[in-house]
Each structure stands twice: as structure tokens, then as C-alpha cells.
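What the coordinates show
Read off the chains here:
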Amino acid sequence: MKHFDVITIFPEMLQAVTHHGITRRALEDGLFGLKTWDPRDFTVDAYRRVDDRPYGGGPGMVMMAEPLLASIEAARQRQREAGVARPKVVLMSPQGERLTERAVRELSAEEGVVIVAGRYEGIDERLVEKCVDREISIGDYVTSGGELPAMVLIDCLVRRLPGSLNDARSACEDSFSAGLLDWPHYTRPEDWRGAAVPEVLVSGNHAAIARWRRKQALGRTWERRPDLVDEAALSKEDLKLLQEYRSERAKSK
Ligand code: 9WO
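The written sequence of each chain sets the order in which its residues are numbered from 1. In view of the model being predicted, local features appear only for residues whose pLDDT reaches at least 70, and side-chain atom pairs are presented and counted only at 80 or more, with totals across whole chains, interfaces and linings using the full set of residues. Side-chain numbers here rest on the full set of heavy atoms in the structure, without hydrogens or water.

1. A word on the sheet that holds strand β5 (residues 88-98)
Pairing between strands is defined by DSSP: at least two bridges between the two strands are required. Labels follow the DSSP assignment, with helices taken as runs of H or I lasting at least four residues and strands as runs of E lasting at least two, numbered in each case from the N terminus. Reading across the sheet, the five strands line up as β2-β1-β6-β5-β7 and stay open at both edges, with parallel pairing between neighbours. In the strand order of this sheet, the two ends are held by β2 (32-37) and β7 (134-137), each with one partner. Neighbour to neighbour, the strand axes of the sheet diverge by 30 degrees on average, direction disregarded. The pairing of strand β1 (residues 2-7) with β2 spans six bridges and is classified as parallel. When the bridges of β2 are listed, D5 appears paired with K35. Axis geometry follows a simple rule: fit a line to the C-alpha atoms, using only the stretch in contact for helices, then measure angles between N-to-C directions, giving values from 0 to 180 degrees.

2. A closer look at the side chain of S137
Along the chain, S137 falls in strand β7. Only protein chains enter the accessibility calculation, which uses a 1.4 Å probe. A residue is then buried if its area is under 20% of the maximum for its type, exposed if over 50%, and partly exposed in between. You can call S137 buried: its relative accessible area is 3%. S137 has contacts with S93, P94, G96, E97, R98 and L99, leaving out every residue within four places of it along the chain. What makes two residues a contact is simply this: any of their non-hydrogen atoms within 4.5 Å.

3. Considering the pattern of salt bridges
A pairing counts as a salt bridge when a side-chain nitrogen of Lys or Arg comes within 4 Å of a carboxyl oxygen of Asp or Glu. Taken as a whole, this structure holds 22 salt bridges when the rule is applied. Where R48 meets D41, a salt bridge forms, and the shortest distance between an N and an O atom there is 3.1 Å. For K215, the salt bridge goes to E244, with nearest N and O atoms at 2.9 Å. With a gap of 29 residues between them, K215 in helix α8 (residues 206-224) and E244 in helix α9 (residues 236-251) connect regions that are remote in the sequence. By relative accessible area, E244 is classed as partly exposed at 21%. Three or more residues joined by partner-sharing salt bridges are found here, namely R211, K215, E237, E244 and E248.

4. Topic: the packing of aromatic side chains
Centres within 6.5 Å are what make two rings of Phe, Tyr or Trp a pair, Trp counting through its six-membered ring; a difference in plane orientation under 30 degrees is then read as stacked, over 60 as edge-to-face, and the rest as tilted. Overall, the coordinates contain two aromatic pairs when judged by the stated rule. Ring centres of F4 and F32 lie 5.8 Å apart, and the angle between their planes is 65 degrees; this geometry places the pair in the edge-to-face category. Linking F4 in strand β1 with F32 in strand β2, this pair joins segments that are 28 residues apart in sequence. Note on F4: relative accessible area 1%, which makes it buried. Here the aromatic rings of W37 and F42 are separated by 6.2 Å at their centres, their planes lie at 45 degrees, and the arrangement is tilted. Residue class for F42 comes out partly exposed when judged on its relative accessible area of 28%. Each ring is checked for a lysine NZ or an arginine CZ that lies within 6 Å of its centre and within 35 degrees of its normal; such an atom marks a charge sitting over the ring. Lying over the aromatic face of W37, K35 brings its terminal NZ or CZ to 4.5 Å of the ring centre.

5. With respect to the pairing of β1
With six of six residues buried, β1 lies mostly within the body of the structure. With five bridges joining them, β1 and strand β6 (residues 112-117) adopt parallel strand pairing. Paired with F4 across the two strands is V113, which belongs to β6.

6. So, the domain arrangement of the protein
In this entry, domain limits derive from an automatic or database-based domain assignment. If you check the domain split of the protein, you get domain 1 (2-158) and domain 2 (175-252). One C-alpha centre belongs to domain 1, the other to domain 2, and the line joining them spans 39 Å.

7. Notes on the packing of α8 against α9
Remark: α8 packs on α9, axes separated minimally by 9 Å, with the N-to-C direction vectors making an angle of 70 degrees. Between α8 and α9, the interaxial angle falls into the category roughly perpendicular. Classified by chirality, the crossing of α9 by α8 is right-handed. In this structure, α8 contributes R211, R214, K215, Q216, L218, G219, R220, W222 and E223 to the contact, and α9 contributes E237, D238, K240, L241, L242, E244, Y245, R246, E248 and R249. For the contact of α8 with α9, the per-class residue count stands at five nonpolar, two polar and 12 charged. Working rule for angles: under 35 degrees goes down as roughly parallel, over 145 as roughly antiparallel, 65 to 115 as roughly perpendicular, anything else as oblique. Left-handed describes a crossing in which the near helix is turned anticlockwise from the far one by less than a right angle; the clockwise case is right-handed. Amino acids are sorted into nonpolar (Ala, Val, Leu, Ile, Met, Phe, Trp, Tyr, Cys and Pro), charged (Asp, Glu, Lys and Arg) and polar (every other residue, Gly among them).

Have a look at this one:
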């Protein structure tokens, strides 16, 4: 069982993960546990304040360190009681390192993760320095808070859990097509409004189909995300497939 604890002032948002799809099934099957902690429940003042004005002035509010620390401590304590030796604390943040499959794989090795999702203009930096192990960004854009990014991270981690509906494909991605874009997919009908399915896919020739798919994955990655293709690292067979794709492309133009 993998343990996720999320620190958030909007705990209901996390229901998007627990109520739907593969992640819901994995939760029902006991593959992971998810608990939310609301910093408001760890305030001591009558107004249950979790934010205050920024030192130095300027617009907006900053999340105070103390309610966040108390929430994180409670979450860590729960994880230790559940058998997690050293829970990792991850802050979702636009200033963090980019979330990649590599980072997902690394975090998959952890028994438990405490995820901090911030709101307002940001959180007190002293809290980050004191107890955050890793800052992670899901991309170079600003969301209204860390909850959606936290759900993206949880989804990535859950679909890799052994026994999740996706773990077979996930293992496949690691060994076979790591770092490549997917090939195109087709389903019935065979003729859809005059558009046909590539002939090889209805040929029944499984070796030819596997070869075509690999070629499409290589070719599309080269066209759309050249940054992901390190031609030097491709096998001889992959290089040949990519050459074929390119010359077919050149002819069709
Ligand atoms: C707002 C902003 C406005 C103009 C120029 C730069 C800016 N940066 C931010 C900003 O970082 N806002 C944060 C939004 C403040 C804290 C709550 N927010 C947030 C975003 N928490 N976590 C994310 C996030 C985004 C992407 N990946 C991981 C986390």
C-alpha cells in the first residue's frame, strides 16, 4: 500500500482522483491510501486564518508557515504509524524541477509521500526551507493553486502501482518505447466518413503491425518532439525505421 497525504485548504478537490477511473479502482483495491489535511484545522485563532499579508508589501496574501507545519507533522505522523519509515515531503510549485517520467519513477520508490498544495500568492519560504524535500512543477504555466498539480502527480504514481489497470502498459513503456511518443490508434468502423484505416493494421500480419507502430512512434517523435530523439542512442533497427519514415514523408510532400 502506497500512502499519499495532501495538505490543502480545498480537500474536496482531491475527490477528482478518488471518485473516478483507474485511480478510483486502485483505491478500492487497496493499492494506495489518500488522506487530506486542511491547514485551517491546525489554526489556533478564532478566524482560522491560514494566510497573511506579505512582508515587503505588494498585492495578495501568503500562506503562513505554522498551520502548514502542523499539517505536515500530522501527516508525517500518520504515515509513520502506517509503517512509512521516512515520508518524503513534496511541494507542488512553479519554481520546482519539472515533473518527468524519471521523477515519477524516482518518487515511485517511496513508500509514502506528503504533498503540499499551496494557494494565494505563495507560501512562506521558511516553511519550504525547513521541511520540503523536493519541489515539483508540472509545467511552465501558472495554475490557481497546487491541488491540480498534486492530482497530476498522484495520478502518475498510482497508474504505475503493481495491480493497477495500467501497470502492464507502464512496464511496457519503461522497457520498450521509453521516451517516445505514442503511435496513432484506430478503431471501428474501418471506413469512417471516407477516411480509411492504414491497411497494415487490418492485414493480420502481426510482425508488420509491430514494425509499423514502432516506425510511427519514432517518426512522430522526430517530427513533433525532436528534443526527445537522441539518434545516437537508437538501435540500428530503429534508425532504419526512422530513415524509412523520413523518406516516405519527403515523397508525400
Ligand atoms: C503567479 C504569478 C503571476 C505572474 C507571474 C508569475 C507568477 N507566478 C505565480 C505563482 O507562482 N502563483 C502560485 C500559484 C502561488 C501559489 C499557488 N499557486 C500554485 C501553482 N501552486 N502550485 C502551482 C503549481 C503550478 C505548476 N506546477 C506545480 C505547481
